[in-house]
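Take a look at the letters that make up each chain.
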Amino acid sequence: MPSYKKSVAVIFDGSLRTVGGAERFAVNMVRIYETIGFKPILLMLGNELKFLRDDRSSIVEVPVMKIMMRSIAFLNVSHFKLILQILKSVDIIHILYCESPIQLLITLLGRLWGKRVVSSPLASFSFLFHHSRFKALLSIPLIFIKLVITKLSDIVHVASLYDYHYLRNVSSSIVLIPHSFTITSKLIDHVHKRVPEQLAEYNLPQHMKGIKICFLGRFSEDKGSLISLEALRILRSRGVDAYLVIIGPRIYALKSLINYARRYSFNALKNILPYVLTAGYLDEETKYKFLKECNVGIIPSISDAVEAFSITLSEFNALGIPVVASAVGALKYRLKPYAGILVKPSDSKALADGVIQALSIEKVRTLPDVITFEQEVNLWERALRRFL
């Protein structure tokens, strides 16, 4: 049996039934705590009306009532009692994103019982600048919850200068630790050194000889899917041999293609469809093999709330791919001129122009906050040293 220094409950308002930046962050934190020598329990406030407990993986998912995707109440008294038992048994409580009433309750109970509280209030005030005014208005109570949890925390973790800028006056215990991602430095080297003949089974279609523009992640409207498709149309109309490669769940791509036809026209969709490849969800190694064949990466999100950090930027940058990104959220702080181009949000012409400009970047330099998992572990171990 392994010997643990301390135990920690990682509180995530969501589940692992979908794969996105938030879910990857939750899993990564569990891996980090295990590597350091803590015994982690991932406590998920799930969307499904189903209780899940996996003692081997130290995962507990409790069904809760939600409003606006935020947990507000437990559905079962026995589940609530289990949560209390878990919280009493651990040394540290780590709250991720810090946006739900239940997470606030857990924080208050943790302080009452003398537990150490770590919080990661990512995307701190971003929803106030949401592209939907309705959502911006409804975000006010969530931001209040975030601020209270931040104030009550022993350590406040931010991943970029975007959150640090807003929270530095709220807490004096802020640590800035960027997110790492699944790919390791060894795998990056492995991808760089492989020759095309060995990657034939993973190659993009042979007819895609022109500029390959990659969108990585959830291809939805808030992530700029319609802007991306329109930018592709603009580039093709200028005589640029451009293709759009979408790596991510196909269901989002299908919805966006339908919505593009509704907003513009069926003929507009018909004209660009031969130049759009929906690769679907790929395993990590295959994904990076696809990425290496692309010329430019795009992150055209339309408001601050969508880009609390952007793992996608780190992935593109680690592989030396120039990026064209909207000037929103953490992207405004993270993307440097030697790694890509920042453009005006929701502007398809600016995105198309940015793609052409990005191609002129001769050698993409690594951004200072693109780190390996091992580096992230070291930073966390240093931050948690006072609790060891």
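Chains are numbered independently. Their residues run from 1 in the order of the written sequence. With pLDDT at 70 or above as the cut-off, local features in this predicted model cover only qualifying residues; side-chain atom pairs require 80 or more to be listed or tallied, and sums for whole chains, interfaces and linings still use all residues. The side-chain values count all of the structure's non-hydrogen atoms but skip hydrogen atoms and water molecules.

Trainee: I would appreciate a short explanation of the side chain of Ser 310 in the present structure.
Mentor: Helix and strand definitions follow DSSP, with helices as H or I runs of at least four residues and strands as E runs of at least two, each counted in order from the N terminus. Structurally, the position occupied by Ser 310 is in the loop between strand S13 (296-299) and helix H12 (311-318). On the basis of relative accessible area, Ser 310 is assigned to the buried category, the value being 8%. Engagement of the side chain of Ser 310 in a polar contact is seen with the backbone nitrogen of Leu 313, the distance being 3.2 Å. Any two residues having at least one pair of non-hydrogen atoms within 4.5 Å are treated as being in contact. In this structure Ser 310 touches Ile 299, Leu 331 and Arg 334, once residues within four positions along its chain are discounted. Buried residues are those whose accessible area, probed at 1.4 Å on protein chains only, stays under 20% of the maximum for their type, while exposed residues exceed 50% and partly exposed ones sit between those limits. Between N or O atoms, a polar contact is any pair within 3.5 Å; within protein, one atom must be a potential hydrogen donor and the other a potential acceptor, and residues adjacent in sequence are included only when both atoms are from side chains.

Trainee: For this particular structure, what's the right way to read helix H14 (residues 348-358)?
Mentor: What sets the pattern is the α-helix's 3.6 residues per turn: residues three or four places apart point alike. Every buried residue of H14 is accounted for by Ser 348, Ala 350, Leu 351, Ala 352, Gly 354, Val 355 and Ala 358. Structurally, H14 contributes buried residues whose contacts are with strand S10 (211-216), helix H8 (225-237), S13, strand S14 (323-326) and strand S15 (340-343). The residue sitting at the N-terminus of H14 and contributing the capping side-chain oxygen is Asp 347; that oxygen lies 3.2 Å from the backbone nitrogen of Lys 349.

Trainee: How should the side chain of Asp 163 be read in this particular structure?
Mentor: Residue position: Asp 163 is located in helix H6 (residues 161-167). The buried charged residue Asp 163 lacks any salt bridge, with Lys 146 as its nearest oppositely charged partner at 6.7 Å. With sequence-adjacent residues up to four places away left out, Asp 163 is seen in contact with Pro 121, Leu 122, Ala 123, Ser 124, Val 158 and Ala 308. In this tally Asp and Glu are treated as negative and Lys and Arg as positive; neither His nor the chain ends contributes. Salt bridges are defined by distance alone: a side-chain nitrogen of Lys or Arg within 4 Å of a carboxyl oxygen of Asp or Glu.

Trainee: How should I be thinking about the pairing of S14 in this particular structure?
Mentor: Residues in a regular strand project their side chains so that they alternate between the two faces of the sheet. Alternating positions in S14 separate into two faces, Val 323 and Ala 325 on one and Val 324 and Ser 326 on the other, with burial throughout. Criterion used throughout: strands pair if DSSP finds at least two bridges between them. Examined bridge by bridge, S13 and S14 share three bridges and lie parallel to one another. Counted as the bridge partner of Ile 299 is Ala 325 from S14. Read from S13 through H12 to S14, the crossover connection turns out right-handed. Pairing geometry for S14 and S15, over four bridges, is parallel. The residue bridging Val 324 from the neighbouring strand is Ile 341, located in S15. A clockwise course of the path from the first strand over the helix to the second, judged with the strands pointing away from the viewer, identifies a crossover as right-handed.

Trainee: Help me out: how do you make sense of the packing of H8 against H14 in this one?
Mentor: Two packed helices can be described by the angle between their axes and the distance between those axes. Angular values range over 0 to 180 degrees, each being the angle between N-to-C directions of two axes fitted as lines to C-alpha atoms, with helices fitted over their stretch in contact. Remark: H8 packs on H14, axes separated minimally by 8 Å, with the N-to-C direction vectors making an angle of 65 degrees. The element H8 and its partner H14 pack so that their crossing is right-handed. Residues Ile 227, Ser 228, Glu 230, Ala 231, Ile 234 and Leu 235 of H8 form the contact with H14, whose own contacting residues are Ser 348, Lys 349, Leu 351, Ala 352, Val 355 and Ile 356. Left-handed describes a crossing in which the near helix is turned anticlockwise from the far one by less than a right angle; the clockwise case is right-handed.

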